[in-house]
Amino acid sequence: MHRIRTALALSVATLATGVFLGACSETATNPNNTGSTGTSASPAGNSTTAPSSAKGLKIGSLLPTTGDLASIGQQMVGSVPLLVETVNACGGVNGEPVTLVPVDDQTDPKAGAAGMTKLATLDKVAGVVGSFASSVSTAAISVATPNKVMLVSPGSTSPVFTEKAKKGDFQGFWARTAPPDTYQALALAQLAKKKGFKRVSTVVINNDYGVGFEKAFVETFEKLGGTIVNKDKPVRYDPKAQTFDTEAGAAFAGKPDAVLAVLYAETGSLFLKAAYQQGLTKGVQILLTDGVKAPTFPEQVGKGSDGKYILAGAIGTVPGSDGKALESFNKLWKEKKGGTPGEYAPQAWDAAALLALAAQAAKENTGVGIAGKIREVSAAPGTEVTDVCEGLKLLKEGKDINYQGASGNVDVDANGDVVGVYDVWTVGDDGQIKVIDKVSPK
């Protein structure tokens, strides 16, 4: 039966991916074993996953614990089971415990499509937290929409989703708790202008995330009076590439003041090493984005012949967190897991929270119910709540709420978008990433 079910999931996914972007093979993910791989998804074997209930809300997570974005995915993956555990401790949703089915999307659209197919057609989830990579979410939403599963991404930031939502492609089954890159590109362009960079070239991963960011940055930077050195010959690298000498040479040609590099960690580290080894990075400012902001990234890129970190002095932006619930979220994380939550962990918590709150508001554990209420519970009017359990209690009493999240106010608009703030970060001489400022796009 296991083989039959897996074959069914993969075959349906293959049909789906023929229409859109290539996708990813789905795997079972235990939040406490982020390196797990396989071909089927099952509830994690720990206390954060409730026993299955025929009546209860069932949600999935579709996040990268392996692949090109594993270094960031592993930072956020613990948020969803923590939210489920919290909700179940205060009575669950609609009087029943919530069940979580986690899946590793492997940072691969094929695995993401297969995983989403299993979650939608076999596990019958009502909502999914995911994915992180925009290319994977593109694959997943094409499965989620016809199956009426609400997909809430904590980190897919491509502007393409806004455009498609405006056209009605997602029928309301899409939202995200991280702002689109139109805002981050604006923030980074303003930062580049402030730093005095007049000539900037770009290199991006050739997918929805990279190309969408590139286009938004180019448009904004030019409006601010800057010049894009390689505008007519943009450098976009294959996500599956392993050598980058040619791309590095092209990106740094023309003597730019700075190079905007929109990368994923695994392939991005190889690109930056190649640029350094060719002597191209000397005297050129490296501008980075959220796709590589992980504590391990400077080490991945490595050190030069002088023993110094290649990335020392690089600066970048990343969606920040300034929500009213952030302090309590950080405290809970420390109590339950120790340490502090990593990148996008607050956004993942908020995505799961919105699924639970919307289901309670709808008084039904379905994707249709969640899609119909998610905007209502995330914005005014209604009583402001930062505590998910308090929100569930008020909703059970028939009252309206305005959830204030850990990442921000998460006011989901008609296109499923939110507006956020951005942290400005840099890499120190010691290889440590430090947040040095916040910027709000205007």
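I will try to describe carefully the structure that is included in this document. (Residues numbered from 1 in each chain as written. Predicted model: local features only at pLDDT ≥ 70, side-chain atom pairs only at ≥ 80, totals over all residues. Heavy atoms only, no water.)

Our next topic: the pairing of strand β8 (residues 199-205). Every other side chain in a regular strand lies on the same face of the sheet, so the side chains alternate between the two faces. For β8, the tally of buried residues reaches 6 of 7 residues, placing the bulk of the element in the interior. In this sheet, strand β9 (residues 227-228) lies alongside β8 in parallel orientation, the contact comprising 2 bridges. Paired with V200 across the two strands is I228, which belongs to β9. The pairing of β8 with strand β11 (residues 258-262) spans 5 bridges and is classified as parallel. Across the sheet, V204 pairs through a bridge with V262, a residue of β11. Direction of pairing for β8 relative to strand β10 (residues 235-237): parallel, over a ladder of 3 bridges. (Buried < 20%, exposed > 50% of the residue type's maximum accessible area, 1.4 Å probe, protein only. Helix = DSSP H or I, 4+ residues; strand = E, 2+ residues; numbered from the N terminus. Pairing = 2+ DSSP bridges.)

The next point concerns empty space enclosed by the protein. Using a probe with the size of a water molecule, rolled over the atoms, empty space left in the structure can be pinpointed. Under the defined criterion, the tally for this structure stands at 2 cavities of 30 Å³ or more. Forming the walls of the largest cavity are T177, P179, G320, Q347, S407, G408, N409, V410, V418, V419, G420 and V421. Here the lining of the largest cavity is composed, by residue class, of 5 nonpolar, 7 polar and no charged. Reported here for the second largest cavity is a volume of approximately 60 Å³. If you go around the second largest cavity, the residues you meet are L69, F132, A133, S134, G155, S156, T157, Y209, Y264, D290 and G291. In terms of residue class, the lining of the second largest cavity is built from 5 nonpolar, 5 polar and 1 charged. (1 Å grid on protein atoms, 1.4 Å probe; cavity = no way out; pocket = protein on both sides within 12 Å on 5 of 7 lines; lining within 4 Å. Points joined across faces, edges and corners; volume = space filled by probe spheres on them. Nonpolar A, V, L, I, M, F, W, Y, C, P; charged D, E, K, R; others polar.)

As a further point, take the packing of aromatic side chains. Within the structure shown, the criterion is met by 12 aromatic pairs. On the numbers, 5.6 Å between centres and 15° between planes, the contact of Y209 with Y264 is stacked. Placement of the pair is Y209 in helix α8 (residues 208-223) and Y264 in the loop between β11 and α10 (265-277), with a sequence separation of 55 residues. Judged by relative accessible area, Y209 falls into the buried class, the value being 3%. Y264 gets classed as buried once you look at its relative accessible area, which sits at 5%. Members of the aromatic cluster, each reached through a chain of ring pairs, are Y237, F244, F252 and F271. The ring of W333 carries the charged tip of K337 above its face, separated from the ring centre by 5.4 Å. (Phe/Tyr/Trp six-rings, centres within 6.5 Å; stacked < 30°, edge-to-face > 60°. Lys NZ or Arg CZ within 6 Å of the ring centre and 35° of its normal.)

Taken together, the buried positions of helix α15 (residues 388-396) are V388, C389, G391, L392, L394 and L395. Residues of α15 that are buried in the fold lie against α3 (79-89), α13 (345-362), α14 (367-378), β14 (383-385) and β15 (401-403). Of the residues flanking the start of α15, the one acting as N-cap is D387, its side-chain oxygen 2.9 Å from the backbone nitrogen of C389. Just past α15, the residue G398 takes up positive phi, approximately 85°. (Contact = heavy atoms within 4.5 Å. Polar contact = N/O pair within 3.5 Å; in protein donor to acceptor, adjacent residues only side chain to side chain.)

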